[in-house]
Amino acid sequence: MLAALRSSAAVVRTSLLQHCRVSVAATTYRGDPDSRRIGFATEAQHGGTYLDKGAVTDRVLTLVKKMEKVDPSKVKPTSHFQNDLGLDSLDTVEIVMAFEEEFHIEIPDSEADKIFSCQDAIEYIASQPRAK
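Residues numbered from 1 in each chain as written. Predicted model: local features only at pLDDT ≥ 70, side-chain atom pairs only at ≥ 80, totals over all residues. Heavy atoms only, no water.

## Some words on helix 3 (residues 53-65)
Quick reminder: α-helices carry 3.6 residues per turn. Residues three or four places apart thus point the same way.
And step 1. Helix length check: helix 3 (13 residues) gives 18 Å between terminal C-alpha atoms against 18 Å at 1.5 Å per residue, within 8%.
And step 2. Of all the residues in helix 3, the buried ones are Ala 55, Val 56, Thr 57, Arg 59, Val 60, Leu 61, Leu 63 and Val 64.
And step 3. Looking at the buried side of helix 3, the elements it contacts are helix 4 (89-103) and helix 6 (118-126).
And step 4. In this structure Asp 52 caps helix 3, since a side-chain oxygen of it lies 3.1 Å from the backbone nitrogen of Gly 54. (Helix = DSSP H or I, 4+ residues; strand = E, 2+ residues; numbered from the N terminus. Expected span 1.5 Å × (residues − 1). Buried < 20%, exposed > 50% of the residue type's maximum accessible area, 1.4 Å probe, protein only. Contact = heavy atoms within 4.5 Å. Polar contact = N/O pair within 3.5 Å; in protein donor to acceptor, adjacent residues only side chain to side chain.)

Spelled out as structure tokens, the structure:
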């Protein structure tokens, strides 16, 4: 049953990506620009820099709190989209699309299907060298 739901969510997500975009207000990072980089690799080696996990956490939580169906007081780094926040599979697709827009990345369907919580999103985005 869960596999069928995930498959359906992937089909819906793909269809939505082809026909619409969720507008997301851009946020401005006001900290030290060098604190956004981690590790010792250069931009040339990875095709980009890694965002600081703390900055990613703040942006992900802010984005989730802005969703219409979400009670902002329930949003925490460990919040599960369905179990804790009451979001359905379409809402999860919408939030993943918002993450793509916010961080200027493309999340493949195979990876998007694994994002069920704020923590999953934070871990994935923080591991992407091209996230902005």
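## What about the nonpolar core?
And step 1. Counting 28 residues, the largest nonpolar core has Val 60, Val 64, Phe 81, Phe 99 and Ile 125 as the members making the most contacts within it.
And step 2. For this core, the secondary-structure elements that each account for two or more residues are helix 3, helix 4 and helix 6.
And step 3. Top element by residues in this core is helix 6. It accounts for 6 residues.
And step 4. Look past the residues within four positions of Phe 99 in its chain and what remains in contact with it is Val 60, Leu 63, Val 64, Phe 81, His 104, Ile 105, Ile 107, Ala 121 and Ile 125. (Core = buried A, V, L, I, M, F, W, Y, C linked by side-chain atoms within 4.5 Å.)

## Here we look at the packing of aromatic side chains
And step 1. Within the structure shown, the criterion is met by 1 aromatic pair.
And step 2. Judged by centre distance (6.5 Å) and plane angle (35 degrees), the rings of Phe 81 and Phe 99 are tilted. Of the two residues, Phe 81 sits in the loop between helix 3 and helix 4 while Phe 99 sits in helix 4, which places them 18 residues apart along the sequence. Of the two residues examined, Phe 81 and Phe 99, each falls in the buried class. (Phe/Tyr/Trp six-rings, centres within 6.5 Å; stacked < 30°, edge-to-face > 60°.)

## Focus on the packing of helix 3 against helix 6
And step 1. One can describe the packing of helix 3 onto helix 6 by two numbers: an axis separation of 9 Å at closest approach and a directional angle of 135 degrees. Here helix 3 lies oblique to helix 6, going by the angle between them. Crossing handedness for the pair helix 3 and helix 6: right-handed. Seen from helix 3, the contacting residues are Lys 53, Val 56, Thr 57, Val 60, Leu 61 and Val 64; seen from helix 6, they are Cys 118, Gln 119, Ala 121, Ile 122, Glu 123, Ile 125 and Ala 126. (Axes fitted to C-alpha atoms, helices over the stretch in contact; angles between N-to-C directions. Parallel < 35°, antiparallel > 145°, perpendicular 65-115°, else oblique. Left-handed = near helix turned anticlockwise from the far one by under 90°.)

## Regarding the side chain of Thr 92
And step 1. Within the secondary structure layout, Thr 92 lies in helix 4.
And step 2. Classification of Thr 92 as buried rests on a relative accessible area of 12%.
And step 3. Other than its neighbours up to four places away in sequence, Thr 92 contacts Phe 81 and Ile 115.

These values are about where atoms sit, not about what they do.
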